[in-house]
Amino acid sequence: SGDGWGVSREQWRVVEKFIPADVVREDRRGRPWGDRRLAFNGILGILPAAAPWEELPELYGAYQTVHRRFQAGRKQDVIEAVLRGLARDLHERGGLDLSQCFLGGSFTAAKNGTLALAKPSGARAVKSWQLEMLMVFLSPSTQKLLRRRK
């Protein structure tokens, strides 16, 4: 995409409709928010790594701003809105069959030595950026960050 890892302009057009517009003060005081897509890409880049925010590459802007956007998004349930929106978008495009989903699975040998579960020969999952983004947000390290503090 020319600006580091993350969503392309085309992908952003799908994602941004699930993210609330930036709040602007009535008196217009204060610094304007930075590029939303760039910050979103920074969030996507740092969450799966579970790295400290300070290690976010400068390419995405100030780590403090990206972290602030992440925290605000947590409070506004933006992550959930993006997840639901992407799942809906993927379903509408025929790329996600909600009647046959599973969160995790394993393959194991039965006691008699034959495979109890096996991948159908030649079967491959269809890859899509929406599904890859869903997996970032559903990863254990991201889920740990998203848990609400009581």
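Read on for an overview of the structure.

Rules and cut-offs
- Residues numbered from 1 in each chain as written.
- Predicted model: local features only at pLDDT ≥ 70, side-chain atom pairs only at ≥ 80, totals over all residues.
- Heavy atoms only, no water.
- Helix = DSSP H or I, 4+ residues; strand = E, 2+ residues; numbered from the N terminus.
- Buried < 20%, exposed > 50% of the residue type's maximum accessible area, 1.4 Å probe, protein only.
- Contact = heavy atoms within 4.5 Å.
- Areas by Shrake-Rupley, 256 points an atom, 1.4 Å probe, with all protein chains shown as cover.
- Expected span 1.5 Å × (residues − 1).
- Arc of directions from axis to C-beta.
- Core = buried A, V, L, I, M, F, W, Y, C linked by side-chain atoms within 4.5 Å.

**Structural notes on the overall build of the protein chain**
- The helix and strand tally for the protein chain stands at six helices and zero strands.
- For the protein chain, the succession of helices and strands along the chain, N to C, is α-α-α-α-α-α.
- Residues counted as buried form 29% of the 150 residues belonging to the protein chain.
- Considering only intrachain contacts with a sequence separation of at least 6, the fraction spanning at least 24 residues in the protein chain is 65%.
- A total accessible area of about 11,100 Å² is found for the protein chain, and carbon and sulfur atoms account for 53% of it.

**Overview of helix α3 (residues 63-75)**
- Here α3 is 13 residues long and its end C-alpha atoms lie 18 Å apart, about the 18 Å a rise of 1.5 Å per residue gives.
- The set of residues buried in α3 consists of V66, R69, F70, G73 and R74. Across the axial projection of α3, the buried residues extend over an arc of 140°, all falling on one side.
- Phi for D77, located one or two positions after α3, is positive at around 55°.

**Some details on the nonpolar core**
- Grouped together as the largest cluster of nonpolar side chains are 27 residues, with contacts concentrated most on V15, F40, V82, M133 and F137.
- Elements that contribute at least two residues to this core include exactly α1 (9-15), α2 (36-46), α3, α4 (78-92) and α5 (129-138).
- Per-element tally for this core: the top contributor is α4, with six residues.

The quantities given are spatial measurements derived from coordinates; they are silent on function.
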